[in-house]
Amino acid sequence: MSTDRGILDRPGPQPARTESYGPAPHQVYEVHEPSTAPRAWVVLVHGGFWRAVWDRTHLRPLAAALASEGYAVALVEFARSGMVGGGPPGTFDDVTAALAAVRREEAGALPVVLVGHSAGGHLAVWLLHQPAAAPVPGYGPVVGAVSLAGCLDLTTVADLGLDDGAAHDLMGGTPADLPEAYSLADPARLGPTPSPVVVVHGTTDDRVPVAVAESWWSAAATPGRDRLLLPEGADHFAMIDPASTAYPLLTGELARLLART
């Protein structure tokens, strides 16, 4: 089931359109549209350890694949480490504003599912705790989140020093230095989410070890509602490769979450 980093360089289709959710050049989301009326909206948050070097374009193949399944996809950009506004509060404010804009301007009464890979998995699950994901009269619900190899336990990511201290660079210090900041930014410290979470994390992931997913699960999951799927032999990048045998796990879990509405 494993793959390699080739998906990062595989060109994806250009979006149907790109919309702004704020005044800065990076404050955009691009829309990938299905050929028929969408069944739901997917707000897709890319990974790259929150670093400026990685932008949304490497998730275009996944966005296009989900559009072919009948979903409208909003692929979100946000401020990242090494950019003006990267880190708290800018990174978090950006994804919050993007979700609010998609719900307000795009989805209407349709349900919304958050999907994030790696650092984007952290942000997607974090968003479930925020007012932007709460029920709004007249708008479709945010039905849950799917974390693909997500950095769900930010403190553990920091303690392990993953990607040469990516969490330290995002937050501006260690959990010991900044306990209050981590308590607000770490899904593992925020407790159970208001809506379901599906965690899909490959057993051979050498970028974000599966122990990060298991740590979040122990600290914050709601057993019987949330789901932890550990595809055997899958690595970090299989989670975003539509050609991988891990991809049907994502589409199946999206359908399962939407069936709850």
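Right above here is the structure, for reference.
What counts and what doesn't
- Residues numbered from 1 in each chain as written.
- Predicted model: local features only at pLDDT ≥ 70, side-chain atom pairs only at ≥ 80, totals over all residues.
- Heavy atoms only, no water.
- Helix = DSSP H or I, 4+ residues; strand = E, 2+ residues; numbered from the N terminus.
- Polar contact = N/O pair within 3.5 Å; in protein donor to acceptor, adjacent residues only side chain to side chain.
- Phe/Tyr/Trp six-rings, centres within 6.5 Å; stacked < 30°, edge-to-face > 60°.
- Lys NZ or Arg CZ within 6 Å of the ring centre and 35° of its normal.
- Pairing = 2+ DSSP bridges.
- Axes fitted to C-alpha atoms, helices over the stretch in contact; angles between N-to-C directions.
- Buried < 20%, exposed > 50% of the residue type's maximum accessible area, 1.4 Å probe, protein only.
- Contact = heavy atoms within 4.5 Å.
- Core = buried A, V, L, I, M, F, W, Y, C linked by side-chain atoms within 4.5 Å.
- Expected span 1.5 Å × (residues − 1).
- Arc of directions from axis to C-beta.
- Right-handed = clockwise from strand over helix to strand, strands pointing away.
- Parallel < 35°, antiparallel > 145°, perpendicular 65-115°, else oblique.
- Left-handed = near helix turned anticlockwise from the far one by under 90°.
- Nonpolar A, V, L, I, M, F, W, Y, C, P; charged D, E, K, R; others polar.

### Examining the side chain of aspartate 241
Line of reasoning, step 1. Relative to the helices and strands, aspartate 241 resides in the loop between strand E8 (227–229) and helix H9 (247–259).
Line of reasoning, step 2. A polar contact of 2.9 Å, which involves the side chain of aspartate 241, links it to the side chain of arginine 10.

### Details of the packing of aromatic side chains
By convention here, two paired aromatic rings are described through the distance between centres and the angle between planes.
Line of reasoning, step 1. All chains considered together, the criterion is met by three aromatic pairs.
Line of reasoning, step 2. Over the face of the ring belonging to tyrosine 71 we find arginine 39, whose NZ or CZ atom lies 4.8 Å from the ring centre.

### Topic: the sheet that holds strand E2 (residues 28–32)
Line of reasoning, step 1. The strand order across the open sheet formed by eight strands is E1-E2-E4-E3-E5-E6-E7-E8, and the pairing between neighbours is mixed. Only two strands of the sheet have a single partner each, and these edge strands are strand E1 (17–20) and E8. Direction aside, the axes of adjacent strands within the sheet are offset by 20 degrees on average.
Line of reasoning, step 2. Judged from the four bridges that link them, E2 and strand E4 (residues 72–76) form a sheet pairing that is antiparallel.

### Quick look at the side chain of histidine 32
Line of reasoning, step 1. In this structure, histidine 32 sits in strand E2.
Line of reasoning, step 2. Classification of histidine 32 as buried rests on a relative accessible area of 4%.
Line of reasoning, step 3. Of the polar contacts made by the side chain of histidine 32, one reaches the side chain of glutamate 30; its length is 3.0 Å.
Line of reasoning, step 4. Apart from residues no more than four positions distant in its own chain, histidine 32 is found in contact with Pro13, Gln14, Pro15, Arg60, Ala63, Ala64, Ala67, Tyr71, Ala72, Val73 and Leu75.

### Remarks on the nonpolar core
Line of reasoning, step 1. Core analysis: the largest hydrophobic core is formed by 53 residues, its most contacted members being Tyr29, Trp41, Trp50, Leu99, Leu114, Leu154 and Trp216.
Line of reasoning, step 2. Once you skip the residues sitting within four places of it in the chain, leucine 114 turns out to touch Val43, Leu99, Ala124, Leu127, Leu128, Val142, Gly144, Ala145 and Val146.
Line of reasoning, step 3. Counting 33 residues, the second-largest nonpolar core is a separate cluster that includes Val42, Leu44, Leu75 and Ala246.

### Focus on H9
Three or four residues apart is the spacing at which side chains of an α-helix point the same way, because the helix has 3.6 residues per turn.
Line of reasoning, step 1. Between its first and last C-alpha, H9 extends 19 Å over 13 residues, near the 18 Å set by a 1.5 Å rise per residue.
Line of reasoning, step 2. Listed as buried for H9 are Tyr247, Leu250, Thr251, Glu253, Leu254, Leu257 and Leu258. Projected down its long axis, H9 carries its buried residues within an arc of 165 degrees, all on one side.
Line of reasoning, step 3. Buried residues belonging to H9 abut strand E3 (41–45), helix H1 (60–68), strand E5 (112–117), strand E6 (142–148), strand E7 (197–200) and E8.

### Notes on the pairing of E4
Line of reasoning, step 1. The buried count for E4 comes to five of five residues, which makes it a mostly enclosed element.
Line of reasoning, step 2. The side-chain alternation of E4 yields two buried faces, one formed by Ala72, Ala74 and Val76 and the other by Val73 and Leu75.
Line of reasoning, step 3. Where E3 lies against E4, five bridges are found, and the strand directions are parallel. Pairing of valine 42 across the sheet is with valine 73, part of E4.

### Let's talk about the pairing of E3
Line of reasoning, step 1. Counting buried residues in E3 gives five out of five residues, a clear majority hidden from the surface.
Line of reasoning, step 2. Between the parallel elements E3 and E4, the chain passes through H1 in a crossover that is right-handed.
Line of reasoning, step 3. Sheet analysis places E3 next to E5, joined by five bridges and oriented parallel. Note on E5: the bridge partner recorded for valine 45 is glycine 116.

### Quick look at the environment of threonine 91
Line of reasoning, step 1. In this structure, threonine 91 sits in helix H2 (residues 90–107).
Line of reasoning, step 2. Using a relative accessible area of 0% as the deciding quantity, one classes threonine 91 as buried.
Line of reasoning, step 3. Considered as a pair, threonine 91 and alanine 72 are 19 residues apart in the sequence and their alpha carbons are 24 Å apart.
Line of reasoning, step 4. When near neighbours in sequence (up to four residues on either side) are disregarded, threonine 91 contacts Phe78, Ala79, Arg80, Gly85, Gly86, Leu123 and Leu170.

### Comments concerning unusual backbone geometry
Line of reasoning, step 1. Put simply, proline 88 and proline 89 share a cis peptide bond, and its omega is 0 degrees.
Line of reasoning, step 2. The topology assignment puts proline 89 in the loop between E4 and H2.
Line of reasoning, step 3. A positive phi angle, close to 60 degrees, is found at serine 118, a residue other than glycine.
Line of reasoning, step 4. Inspection of the secondary structure puts serine 118 in the loop between E5 and helix H3 (119–128).

### A word on the packing of H1 against H9
Line of reasoning, step 1. At a minimum axis distance of 12 Å, the contact between H1 and H9 shows a crossing angle of 50 degrees. In terms of orientation, H1 lies oblique with respect to H9. The handedness of the crossing between H1 and H9 is right-handed. Along the contact surface, H1 presents Leu62, Ala65 and Leu66, while H9 presents Tyr247, Leu250, Thr251 and Leu254.
Line of reasoning, step 2. Residue composition of the contact of H1 with H9, by class: six nonpolar, one polar and no charged.

Keep in mind that these numbers describe shape and distance, not what the molecule does.
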